[in-house]
Amino acid sequence: GPDPTTEEFKQATKENVSNVTFVKYEIVLPGPSGNFVEKNITLDSATRVELSCKLDAKNSHLKSLQVTWRRGNETIGHVNETENSWSVHLQVLDNSKLGSYSCTLKGKEEMSAKFNLQVPKIEGKEKPIVSYEGDTAVMICKSSGYTPIAWTWYMANGSEQIAINDSLLADKYVINGGTGNVTHLKILNLTNKDNGVYQCEAAFELGKSIGKLKLKVLSLMVPLKPFLAIVAEVVVLVTVVFVYEMYSKKKEKCATDEKEFDQVEQL
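About the criteria used
Residues numbered from 1 in each chain as written. Predicted model: local features only at pLDDT ≥ 70, side-chain atom pairs only at ≥ 80, totals over all residues. Heavy atoms only, no water. Helix = DSSP H or I, 4+ residues; strand = E, 2+ residues; numbered from the N terminus. Buried < 20%, exposed > 50% of the residue type's maximum accessible area, 1.4 Å probe, protein only. Contact = heavy atoms within 4.5 Å. Areas by Shrake-Rupley, 256 points an atom, 1.4 Å probe, with all protein chains shown as cover. Core = buried A, V, L, I, M, F, W, Y, C linked by side-chain atoms within 4.5 Å. Patch = residues over 30% accessible without salt bridge, like charges linked within 9 Å, V, L, I, M, F, W, Y side chains within 5 Å. Salt bridge = Lys/Arg side-chain N within 4 Å of Asp/Glu carboxyl O. Pairing = 2+ DSSP bridges. Polar contact = N/O pair within 3.5 Å; in protein donor to acceptor, adjacent residues only side chain to side chain. Axes fitted to C-alpha atoms, helices over the stretch in contact; angles between N-to-C directions. Disulfide = S-S within 2.5 Å.

1. Brief notes about the overall build of the chain
- Assigned secondary structure in the chain consists of one helix and 19 strands.
- For the chain, the proportion of its 267 residues judged to be buried stands at 31%.
- Sequence-distant contacts in the chain: of pairs separated by 6 or more residues, those separated by 24 or more amount to 64%.
- Accessible area for the chain stands at about 17000 Å²; split by element, carbon and sulfur atoms hold 52% of it.

See the structure below:
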């Protein structure tokens, strides 16, 4: 049997029912001593979904359990029940059915599990993209395993999103891969105004997903700053040595003049 401390998920085989995909997901609860169990489910198109919470074999003896299903904070009823399994059926035809669904089993102790229904996530770059003025920057977004209906690029200006249109600004932006699962945004002749956050939006049948990338454009003077700092230090050091040498020579000359004056007085 499964390790009671390990999450066990079983996904049934997909089959087409009335041109809408049917998928079943099951979470096996490890028992009262187990931790909270959570499962993320990615959907990109209309799907009939069955979500099931089931006790594992080691805890099938538990009786008189009070079972509650919730969508967010709203209580919903389960439509299918066996001796140790409780299920809900969903018709996910748009994004209004997406979100979190949880089951709670109450007896002497409490067990719970959560299903998170979401559109595919977009993979971007976590670290900022750094480039210099006058150069070209390329930003990439990807949807692994899913192909969006369309991609749209935006530049974030505070709370406002400005759509990037490469056909109107062909000398500034080039967008490649607008229909596959990968999209590229090329920004030409970078300036300080190109600094900021860029968003790639993927449109799926069930909703939209957004990836974020940050671009940092540096001045050409930035790489020269360490060199200029060293030059400045050298100039200061040479100046100090020169002044010290001049002062030493002047002091030595004064001492020589005083000595000659004393000899004249003695004579």
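2. A closer look at the nonpolar core
- Ranked by internal contacts, the top residues of the largest apolar core, which has 27 residues, are Leu51, Trp69, Val92, Leu105, Phe115 and Leu117.
- Once you skip the residues sitting within four places of it in the chain, Leu105 turns out to touch Leu29, Leu55, Leu65, Gln66, Val67, Trp86, Glu110 and Met111.
- Membership of the second largest hydrophobic core comes to 20 residues, among which are Ile122, Met155, Leu185 and Val217.

3. Notes on a nonpolar patch on the surface
- On the surface, a nonpolar cluster with roughly 270 Å² of combined accessible area is contributed by Ile230, Val234 and Val238.
- Within the element layout of this structure, Ile230 appears in helix H1 (residues 225–266).

4. Digging into the pattern of salt bridges
- According to the stated counting rule, one finds four salt bridges in the structure shown.
- The shortest N-O distance in the salt bridge between Glu50 and Lys24 comes to 3.7 Å. In this pair, Glu50 is assigned in strand E5 (residues 47–55) and Lys24 in strand E3 (residues 20–29), connecting sequence segments 26 residues apart.
- The closest approach of N and O atoms between Glu110 and Lys106, which form a salt bridge, is 3.9 Å.
- Using a relative accessible area of 41% as the deciding quantity, one classes Lys106 as partly exposed.

5. Some thoughts on the pairing of E3
- For E3, the buried fraction is high: eight of the ten residues fall into the buried class.
- Two elements, E3 and E5, share nine bridges in a ladder whose sense is parallel. Following the sheet pairing, Leu29 is matched in E5 by Leu55.

6. Some remarks on the side chain of Ser209
- You can see Ser209 is positioned in strand E19 (residues 207–218).
- Looking at Ser209, the relative accessible area reads 9%, which means it is buried.
- A polar contact is formed between the side chain of Ser209 and the backbone oxygen of Pro120, at a distance of 2.8 Å.
- The contacts of Ser209, once residues within four sequence positions are left out, are Val119, Pro120, Lys121, Ile122, Cys200, Glu201, Ala202 and Phe204.

7. Let's talk about the sheet that holds strand E11 (residues 110–118)
- Taken in spatial order, the five strands of this open sheet run E4-E11-E10-E6-E7, and their pairing is mixed. Each edge of the open sheet is held by one strand with a lone partner, namely strand E4 (37–42) and strand E7 (74–76). Taking each pair of neighbouring strands and ignoring which way they run, the sheet shows an average axis angle of 25°.
- Relative to E7, strand E6 (residues 66–71) runs antiparallel, the two sharing three bridges. Bridge pairing in E7 links Arg70 to Thr75.

8. Concerning the state of the cysteines
- Counting across every chain of the model gives two disulfides.
- Bridging Cys141 to Cys200, the disulfide has an S-S length of 1.9 Å. Across the S-S bond linking Cys141 and Cys200, the dihedral sits near -85°, which makes this disulfide left-handed. Of this pair, Cys141 sits in strand E13 (residues 137–142) while Cys200 sits in strand E18 (residues 196–204); the two residues are 59 residues apart in sequence, bridging distant segments of the chain.
- With relative accessibility at 0%, the residue Cys141 sits in the buried group.
- Given a relative accessible area of 0%, Cys200 falls into the buried group.
- Across the chain, the way the bonded cysteines pair up, counted in sequence order, is 1-2, 3-4.

9. Side note on the side chain of Lys172
- By the secondary structure assignment, Lys172 is in the loop between strand E15 (160–163) and strand E16 (173–176).
- For Lys172, a relative accessible area of 17% translates into the label buried.
- Of the polar contacts made by the side chain of Lys172, one reaches the backbone oxygen of Asn189; its length is 3.1 Å.
- Apart from residues lying up to four places away in sequence, Lys172 is in contact with Lys186, Ile187, Leu188, Asn189, Leu190, Thr191 and Asp194.

Functional significance is not addressed by these values, which are geometric in nature.
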